[in-house]
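# Fold and contact review
One letter stands for each residue in the lines below.
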Amino acid sequence: GKQRAVWNKELQKSLIEILHDYKDSGCRGDNGWNSEGWNRMVKEFHARNRYISFSKSQIQEKEGQLKRDYKMLKAARQQSGSSWNEKRCMVEGSSAIWDNLEQSFPKIKKFRNNKASFPLYEALGELYDGKF
């Protein structure tokens, strides 16, 4: 089978920088990037990260996952009682707040208990919402 793509923070950052570089290239419509855009971005990703050989679908899956995490954290930040720690790039709240968040967003567990910061939040906000 195909090798599992192992992403680290540098590779994620590289992918997001490329998405930013291409966001106004005409390769992106309302429903995301078109095939030509993806082909160019995958080529660029491999040029910048020579030791990596992720498939186009692995790179597309990662973009989708980052987008889902961003949207989930964005919604979590808007919940009453939660707050966003700018320095640590994470949602904070009481255990009751987190219990509620997990009801709404089961996948948010990975961000609970100060486990995972999400330093790409602002860059993704610029990409998907066009602001920050």
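Up top is the structure these notes are about.
Owing to the predicted nature of the structure, the values given are computational and were not obtained by experimental measurement. (Residues numbered from 1 in each chain as written. Predicted model: local features only at pLDDT ≥ 70, side-chain atom pairs only at ≥ 80, totals over all residues. Heavy atoms only, no water.)

## Here we look at the nonpolar core
One finds Trp33, Phe45, Ile108 and Leu124 to be the most contacted residues of the largest nonpolar core, which totals 37 residues. The contacts of Leu124, once residues within four sequence positions are left out, are Ile16, Leu66, Tyr70, Phe118 and Asp129. (Core = buried A, V, L, I, M, F, W, Y, C linked by side-chain atoms within 4.5 Å. Buried < 20%, exposed > 50% of the residue type's maximum accessible area, 1.4 Å probe, protein only. Contact = heavy atoms within 4.5 Å.)

## Observations concerning the layout of surface pockets
As a volume, the largest pocket reaches approximately 260 Å³. Taken together, 13 residues make up the lining of the largest pocket; nearest its centre are Lys9, Gln12, Phe111, Ser117 and Phe118. Sorting the residues of the lining of the largest pocket by element identifies α1 (9-22) and α3 (56-77) as the ones contributing at least two each. Ranked by residue count, the leading element in the lining of the largest pocket is α3, at four residues. Grouping the constituent residues of the lining of the largest pocket by class yields six nonpolar, three polar and four charged. (1 Å grid on protein atoms, 1.4 Å probe; cavity = no way out; pocket = protein on both sides within 12 Å on 5 of 7 lines; lining within 4 Å. Points joined across faces, edges and corners; volume = space filled by probe spheres on them. Helix = DSSP H or I, 4+ residues; strand = E, 2+ residues; numbered from the N terminus. Nonpolar A, V, L, I, M, F, W, Y, C, P; charged D, E, K, R; others polar.)

## Things to note about the packing of aromatic side chains
For the structure shown, the criterion picks out eight aromatic pairs. For the ring pair Trp7 and Phe45, a centre distance of 5.5 Å and an interplane angle of 45 degrees mean the geometry is tilted. Here Trp7, found in the segment before α1, pairs with Phe45, found in helix α2 (residues 35-48); they are 38 residues apart in sequence, far enough to count as distant. Here the two residues Trp7 and Phe45 agree in accessibility, since each one is buried. Judged by centre distance (4.7 Å) and plane angle (40 degrees), the rings of Trp84 and Tyr121 are tilted. Here Tyr121 lies in helix α5 (residues 121-129) and Trp84 lies in strand β3 (residues 83-85), a separation of 37 residues in the sequence. Grouping residues by exposure puts Trp84 and Tyr121 together as buried. (Phe/Tyr/Trp six-rings, centres within 6.5 Å; stacked < 30°, edge-to-face > 60°.)

Limitation: the analysis is restricted to geometry and does not speak to function.
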